[in-house]
Each structure stands twice: as C-alpha cells, then as structure tokens.
Amino acid sequence: MTDVTVLDEIEQDGKSTQEVLLNLGPQHPSTHGVLRLVLEMEGEYVARVDPHIGYLHRGTEKLAEDFTYTQIIPLTDRLDYLCPPSTNQAFVLAVERLLDIEAPERAQYIRVMMTELSRISGHLLIAGALPMDVGAMTVLLYTMREREMVLDLLEMICGARMHTSFCRVGGVREDLPEGFAERVREFCEIFPQRISDYERLVARNRVFLQRTKGIAVITPEDAIDLGLSGPNLRASGVDWDIRRDCPYEIYDRLDFNVIVREGGDCYDRWQCRIDEMRESTRIIEQCMRDMPQGPFQTDDPKVAFPVDKALLSCSMETQINHFELSAYGFKVPAGEIYSCVEAPKGELGFYIISDGSEKPFRMKVRAPSFVNLQALQGASNMDYLADVVAMLGSLDPVLAEVDK
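Note that the coordinates shown come from a computational prediction; the quantities given were computed from them, not determined experimentally.

### Side note on the packing of helix 2 (residues 69–77) against helix 3 (residues 84–99)
Part 1 of the argument: Running from N to C, helix 2 and helix 3 cross one another at 150°; their axes reach a closest spacing of 8 Å. With respect to helix 3, the axis of helix 2 lies roughly antiparallel. In the crossing of helix 2 with helix 3, the sense of the turn from one axis to the other is right-handed. Within the contact between the two elements, helix 2 uses Tyr 69, Ile 72, Ile 73, Thr 76 and Asp 77 and helix 3 uses Pro 84, Thr 87, Asn 88, Phe 91, Val 92 and Val 95.
Part 2 of the argument: Counted by class, the contact of helix 2 with helix 3 contains seven nonpolar, three polar and one charged residues.

Right, dumping it as structure tokens:
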C-alpha cells in the first residue's frame, strides 16, 4: 500500500519540481512485514527514509512481568518467529546465569545444533527473498525446498515446525528422537551442493549484481556507530562474532570460520548469509559427531521436572517439587543480568531484573532487527526508490522482533 502527498515545489535550474512524501507500507510485500517507510522523494530520488514501527503491538517485555520464567519461553518464540530456537536459547541462558546453573553437556550440544538449523532456516528465507525483491523469482522456490527440510527436522525434534519452545531452564524439553541422527546427516550431505546451486542462479547474474553491488553501502565505522551486528556488521568488514569472541554453550569446542566481507553493500550482506549457511552445516555435523550421551536436563528438582517419572509414585519430596513447579514455577535469586547470543539477525540479548520471585520484575530485549533498521538512514549510495527495497531486504528484519 502506498499513498503520496505533495510537500512543496522546489525551484532548480529554472525548473519547478515537486518534493513528494511517499508512504511505502505498512501493507506492502517488499517491507517483509507491517513496516511503514515514509520516503521524501524528489522525483525518483530518495531524499530521506523514515521508518515507522509499532504496528504489531507485541508487548513481549511487558507481558513477561506477569509470566513465570517457563511461561515466557513461548513468548520468545514469537520474537524472531523464523528462528525461534535462537531466542529460546538466549532467554534460558540469561535465567541460568541468574540461577548460577549450567545445562548438561548433551543439552548444550542439542541447543547449538537446533540454533544452527534455525540460522539456516532464517538465512534461506532472505537468500531467496532478496533476489525476488529485485525481480528474480526462481531462487526463492529452491530455497523454500531446503527450508522445508529444516522445518521437518525441527518438527521431528519437538513436534512443531516454527514455534519450537524446546529449550528449558537447565536443559531441553526432551532427548532427540530415534532416527533423527540419520535424517540430519542426510541433510548435511545434500545441502552444500544446494547452496552452490543458489549462487549459480543469481550470484553472477548481471541484473542482480546491478541491483545490489555498490548499493546502500555501510562503512565499518558507520556500522559500529549504528550498533549493527550479525551478518550486517560482518558484511561491512568488522570481524566480530559472539560465538567466537564471547563463546557460550560449547561453541569454543567447535571449528568454524567467521564470514567477513569488505564491500558493505546489499550484495555482500546477501553473500555473507550464503557463506554462513555453509559454516552452520559444518557446526551441525560436529555437534552430531561429538554429542555425548547423558542427561538432557539438570537434576535440580527446584528447577526441572524429574526425568524418571517413577519417582513421583514413591517420593513425597519429588511430588511436592513437581506440584510447586507446575503451579507456581521456580524462584530466581534477586539480581540482574544481561546475556546475549549470536542470533541469525545479530546480537540478541536479554536484560532481566529479578526481585526473587517466580516472575521477572523487568525484562528488556535487545532485538537485532530493531537496531539494524537504523541503517536505512545511515547507508550511502541509496539513490532510488528501488534501492530502498533492496536495502531493506538485505537487512533482513523481522517486524515481530522490532515491535517487542
């Protein structure tokens, strides 16, 4: 949906031109959600971009004040709904640090494997959607084919294709199902060749290159000043990845490359995600190879339900803990914490203030999509209306995460 308002007439070189205010969105396919961009146009040229957000009315941070810590996990699914295991992981890590506990080793491997699957899922969507935004339809059909394979794997683990809610404070909900290892290894064998197919389709296509190369350039200095993170930061030449530089879970045991490019334009942001999918495939293979046997939940009865349900029939203490967890949730010591992970969109952080009860006193989400939208005003060489569409697609925002 677009509407136009004429602002005023401008006299240039003896000719009269009109400056136009153009609304792009909030219902428009190229905005990737309910985002409204107010554009000041001089003919086909864009003088200014002003993003208007808030159309989803999510209120996740306020809702969390009335939810127990376990009940908040499904809320995090709805932030970046394309990659929910990453938001699940970021939240439970913050709570675990407040509790001063750590998930069992097997649970950490499962979490990392699931977050890398979700990273592939999110990158596949934008790897096909950005070319479609600039006129190349075919690659989206191929990327959706592989994304269906990833969603099938997530469904096999937890029974849901999108809103997984699989992480728990102190571990994961349950162990991996029988037959999953074979399915994920099959995917890892097939997928690298499919990534090469995407590149053959568009990476050297001259129309795609003209629409993305040198368009909406973000310099390293501007990327840092704007607070960008993730592929949008690394595509500008800034070598920073939380998984390597501030490792969490078992990332310090894994061998992977941090993808950095130098151009900082729409093409580099697209290519950075393409290359990151290859590294995520390597990480998944290592997780499946090195994952140990053992418990998938902490054995703290104040935090997690007993894995051995037989204890409920012979232990009064187990029954009491089970009832209190079900009815009231667990209490978290008073304090505050900020914990972040390298989500597919960038740095995803949770700042939690606990007053010692079963519910957070305050919760603040550092959503990468929200911060990355600033780049719409900070990019150079974004001259035409069509360039704004390419720029927005290359930033890969999810509006549910923006309107948190």
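### Structural notes on the side chain of Thr 164
Part 1 of the argument: Considering the arrangement of structural elements, one finds Thr 164 in the loop between helix 5 (138–158) and strand 5 (167–168).
Part 2 of the argument: Within the structure, the side chain of Thr 164 is placed 3.3 Å from the side chain of Asn 88, a separation counted as a polar contact.
Part 3 of the argument: Filtering out sequence-adjacent residues up to four positions away, Thr 164 remains in contact with Asp 77, Pro 84, Pro 85, Asn 88, Met 114, Leu 154, Cys 158 and Arg 173.

### Side note on helix 4 (residues 105–133)
Turn by turn, an α-helix covers 3.6 residues, leaving residues three or four places apart pointing in a common direction.
Part 1 of the argument: Under the 1.5 Å per step criterion, the end-to-end length of helix 4 is 42 Å for 29 residues, consistent within 8% with the ideal 42 Å.
Part 2 of the argument: Among the 29 residues of helix 4, 26 are classified as buried, and the element is accordingly described as predominantly covered.
Part 3 of the argument: Following helix 4 by one or two positions, Gly 135 has its phi on the positive side, about 110°.

### Here's the deal with the nonpolar core
Part 1 of the argument: Counting 108 residues, the largest nonpolar core has Phe 91, Phe 350 and Met 391 as the members making the most contacts within it.
Part 2 of the argument: With 11 residues, the single largest contributor to this core is helix 4.
Part 3 of the argument: Non-local contacts of Phe 91, meaning those with residues more than four positions away in its chain, are made with Tyr 69, Ile 72, Ile 73, Thr 76, Phe 350, Ile 352 and Met 363.

### Structural notes on unusual backbone geometry
Part 1 of the argument: Not every positive phi belongs to a glycine, and His 57 is a case in point at roughly 55°.
Part 2 of the argument: With respect to the secondary-structure elements, His 57 resides in the loop between strand 4 (45–52) and helix 1 (60–63).
Part 3 of the argument: Taking relative accessible area as the criterion, His 57 reaches 68% and is therefore assigned exposed.
Part 4 of the argument: Here the phi dihedral of Asp 100 falls at roughly 60°; this positive angle occurs in a residue that is not glycine.
Part 5 of the argument: For Asp 100, a relative accessible area of 70% gives the class exposed.

Definitions and limits used
- Residues numbered from 1 in each chain as written.
- Predicted model: local features only at pLDDT ≥ 70, side-chain atom pairs only at ≥ 80, totals over all residues.
- Heavy atoms only, no water.
- Axes fitted to C-alpha atoms, helices over the stretch in contact; angles between N-to-C directions.
- Helix = DSSP H or I, 4+ residues; strand = E, 2+ residues; numbered from the N terminus.
- Parallel < 35°, antiparallel > 145°, perpendicular 65-115°, else oblique.
- Left-handed = near helix turned anticlockwise from the far one by under 90°.
- Contact = heavy atoms within 4.5 Å.
- Nonpolar A, V, L, I, M, F, W, Y, C, P; charged D, E, K, R; others polar.
- Polar contact = N/O pair within 3.5 Å; in protein donor to acceptor, adjacent residues only side chain to side chain.
- Expected span 1.5 Å × (residues − 1).
- Buried < 20%, exposed > 50% of the residue type's maximum accessible area, 1.4 Å probe, protein only.
- Core = buried A, V, L, I, M, F, W, Y, C linked by side-chain atoms within 4.5 Å.

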